[in-house]
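What follows is the residue order along each chain.
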Amino acid sequence: MFTNLINTFVLAWQYTLSHADEFILALREHLFLVTISMIVGILVCVPLGIWTARSKRIATAALNTVNTLRVIPSLAILFLLIPYLGLSSTSALIALIVLALPPILINTDAAFRGISPAILEAARGMGMKPQQILFQIEFPLAAPVILTGIRIAAVEVIASATLAAFVGSGGLGIYITRGFALYDYSILFVGAVPVALLTLFSEGIISGAQKLIQYPQ
Amino acid sequence: MPYFLRYPDIIFKLTLQHLYLVLIALSIALIIALPLAWFLNRHKRLSNIVMGFFGIVYTIPSIALMIILIPFLGLNEKSVIVALVLYSQVILLRNILTGLDGIPKTTIEAANGMGLSTWQIAWKIQLPLALPVILAGVRISAVVVVAIATIGAKFGAGGLGTLLFDGIAQAGRTDKIWTGAIIVGLVAFSLSRLALYLEKRFSYPV
Amino acid sequence: MQGIVFDKVSKQYKNAAAPAVNQVSFTVDPGSLVVLLGPSGCGKTTLLKMVNRLFEPSEGTIYLDGVNIRDMEVTALRRQIGYVIQQVGLFPHMTVAENIALIPSLLKWEKPRIQSRVDELLTLIHLDPLEYRDRYPAQLSGGQQQRVGLARALAGDPNVLLMDEPFGAIDAITRASLQQEVMQLQNQLQKTVLFVTHDVEEALLLADKIAILKEGALVQYDTPWNLLTNPADEFVRELINADDRIRQLTVLKAKDVMIKPSHHEQVLKKVQQRTDLRQVLSLLLSSPNAVVAVTDSSGKVVGEISLQQLVLE
């Protein structure tokens, strides 16, 4: 069993070396898909989350939509959107953004709601302006939970970017489609292992950032 | 005519396959998680390491994990089921531990004092008291497992993912994709509801 | 300085049957501590929060040092007023020093001045600056947190202090010591203070004057002694237990009733002139001739009190 594993690793490594240029391109495409969708997700959901935390009407609409999305497997969402948007990187990107939205929105909303009203009242009573309260009090206090949402979204997006290859987009998933087509495990590994490493890496970075901004509780 | 109306028997078969994957995985996961969590509850230092390990496992995308299991188990449903079991561990362990922690120490002391054996305490006291929280964990895992099991289609395990993958591979079969997505959503929703019902049923006033 | 003037202030909420605050008018003299006292729902907190415009009056005007507060920019107004609330509201992600320094930095003081102000205030509330500057709120006890809250409110050296049931969430022992600290601070700093409480003992202890509110209306505004001896109606009488003579004694000090010392060859027990009469009574009950001598802070005898006097008062 283990020799099997080591064999597969060795073969996968050899394959990567022999397809180095293609691999680097795939990696870049993957990272491109991930970074862009995360940035858009954050730019959309953080302000939206602040809005939903303050307005009941918007909150019900937005959170209900997002919660329904969560129940549907990402694979399904991805596959549903593609036929309508066409087989291209742009459509994969849009699908990934849709997948990144729920965790970031839900967490930003919860984070801002969770700030103790006494703190906000003290800040208002002291004469802080609304933007000052937002940036000096609310954001720092909400940051840990928002970062958790970003962490979850990042993992989701990195994983789904892999599946994007099934719909004709680039990225590390090409090795997975190829591996299934050729019934070759080692090629599957060339796709799977870097993806796993990427997710672990992003978890590590964001957890590290969370530890940095921790204050004694 | 819409796909699901034309071939209800195929859909039914695929749903059953999907449920098979989900239920087998959840059962195995519980059989492992219950005693493991009970053990970790008594050895707190270990729990951090174990939870950390399964946390890392959870981070790895499902398809990547399943692929990594192939050399061990082959390109078949075994890799899928093992992956599903591993994914549910972090959720189940965390919930069972929380449930066990929620039992007041004095209750266990009283049971000890009354002369109950460790096994009796685990079975008659700890399990019933922790049950609502455990069921909450089962509920969350069920939704996650139903979603990940869609990938099983690629591994020859069948299931509703077949509709999704076929729908993409065959040009213009969006009806298959829709059917697959909706049924999967319904399965996840129903299991979640069932678990919620059980949760409420086994709740007790605090 | 002209203190705070309430002129027919009212607050009516849209779907409410009766106004929360109903045509309240009175003046808070500068440098005095006025307590807003009343049962739950009487409007005391609403009234307080209209001074820093967290609520806006539906009718009437509030003047701060002669200026209509509605003519001031809201945040500028609030930065001039110290605000202390029951749940404290310290910012958990900032150190003690950063919490206290917040208003001075909003007011754009220079760094060194802010630094020394923080140390000054920590010393004032009896927390060693070196030890507490860099602590976080979660590392403080409830009493310490509220003292930091007080320091934070005083940081910008405001003339006016608003306190909304500041000791309501604190245990009785710590509360007593915090009340003493407030009295000391008030002696030293002479701020104009509006203090909301439903605790009658606390009111009688701290107040120069008490405004008693019932269902939004001002029932009586007077010194503790006058409230106890001349309650305006049955409600006030019952609220502060005016008929309790011993309670009346607690709000009077020895110097308020002492008479000239007559020559007594006996050696008398002594009390400070600032001691309240209940303690004097306690001492008198254990004095052989039922007379005690009253001294000033240096120890010199300035008067005397006999049990007879207290019976007649």
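Presented here is a report on the structure given in the accompanying data block. (Residues numbered from 1 in each chain as written. Chains lettered and ligands numbered in written order. Predicted model: local features only at pLDDT ≥ 70, side-chain atom pairs only at ≥ 80, totals over all residues. Heavy atoms only, no water.)

Observations concerning the overall build of chain C
We count it as follows: Numbering of helices and strands runs from the N terminus, with a helix taken as a DSSP run of H or I at least four residues long and a strand as a DSSP run of E at least two residues long. It is over C-alpha atoms that the radius of gyration is taken, and the globule rule equals 2.2 Å times the number of residues to the power 0.38. Here the term buried applies to any residue with accessible area under 20% of the maximum for its type, exposed to any over 50%, and partly exposed to those in between, with areas from a 1.4 Å probe on protein chains only. Throughout, a contact is declared for two residues whenever any of their heavy atoms are within 4.5 Å. Only the protein chains shown count as covering a residue, and every accessible area follows the Shrake-Rupley method with a 1.4 Å probe. Asp and Glu are treated as the negative residues and Lys and Arg as the positive ones, with His and the ends of the chain left uncounted. Here the site of a charge means atom NZ of a Lys, CZ of an Arg, CG of an Asp or CD of a Glu.
A tally of helices and strands in chain C yields 14 helices and 13 strands. The C-alpha radius of gyration of chain C comes to 22 Å, within 12% of the 20 Å expected for a compact globule of 313 residues. Dimensions of chain C along its principal axes, counting C-alpha atoms only, are 65 × 55 × 35 Å. Going through the 313 residues of chain C one by one, you find that 51% of them count as buried. For chain C, restricting intrachain contacts to residue pairs at least 6 apart in sequence, the fraction spanning at least 24 positions comes to 62%. Of the roughly 14600 Å² that chain C leaves accessible, carbon and sulfur atoms contribute 49%. Here chain C contributes 32 positive and 36 negative side-chain charges, whose respective centroids are spaced 3 Å apart.

Overview of the layout of surface pockets
Empty space among the atoms can be located by rolling a probe the size of a water molecule over them. Residue and element names in this part refer to chain C. Going by this rule: A cavity here means a set of 1 Å grid points, computed over protein atoms only, where a 1.4 Å probe fits but cannot escape. A pocket is an open set with protein on both sides within 12 Å along at least 5 of 7 lines, and lining residues have an atom within 4 Å of a point. Grid points are joined across faces, edges and corners, and a volume is the space filled by probe spheres set on the points. Residue classes follow a fixed rule: Ala, Val, Leu, Ile, Met, Phe, Trp, Tyr, Cys and Pro count as nonpolar, while Asp, Glu, Lys and Arg count as charged, and any other residue, Gly among them, counts as polar.
A volume near 1200 Å³ is recorded for the second largest pocket. In terms of lining residues, the second largest pocket is bounded by 37 residues, among which M183, L204, L205, L206 and K253 are the most central. Among the secondary structure elements, those contributing two or more residues to the lining of the second largest pocket are α7 (172-189), α8 (200-206), α9 (224-229), α11 (245-250), α12 (254-257) and α13 (277-284). It is α7 that provides the largest number of residues to the lining of the second largest pocket, a total of nine residues. Residues belonging to the lining of the second largest pocket are distributed by class as follows: 13 nonpolar, 11 polar and 13 charged.

Here's the deal with the interface of chain B and chain A
The cut-off we apply is this: In short, buried area is how much 1.4 Å probe accessible area vanishes from two parts on joining, totalled over both. Salt bridges are identified by distance alone: a Lys or Arg side-chain nitrogen within 4 Å of an Asp or Glu carboxyl oxygen.
Every contact between the two is made by 28 residues of chain B and, on the other side, 32 residues of chain A. With both chains or domains summed, chain B and chain A bury close to 2900 Å², and 87% of this area falls on carbon and sulfur atoms. Considering only the surface of chain B that becomes buried against chain A, B:T59, B:P71 and B:F72 emerge as the three largest contributors, covering 21% of it. Remark: the boundary between chain B and chain A carries zero salt bridges. The set of elements that each furnish at least two residues to the side of chain B that touches chain A consists of α3 (44-59), α4 (62-73), α8 (161-169) and α9 (174-201) of chain B. In terms of residue class, the side of chain B that touches chain A is made up of 23 nonpolar, four polar and one charged.

Some words on a nonpolar patch on the surface
The condition that has to hold: Patch members must show over 30% relative accessible area and no salt bridge, and they are joined within 9 Å when carrying like charges or within 5 Å when they are nonpolar side chains of Val, Leu, Ile, Met, Phe, Trp or Tyr.
Residues A:Y84, A:L85, A:I94, B:W178, B:I182 and B:L186 make up a contiguous nonpolar surface patch of about 600 Å² in total accessible area. Among the elements of the structure, α4 (74-85) of chain A together with α9 of chain B are those that each provide at least two residues to the nonpolar patch. By residue number, the principal contributor to the nonpolar patch is α9(B), which donates three residues. Along the chain, B:W178 falls in helix α9.

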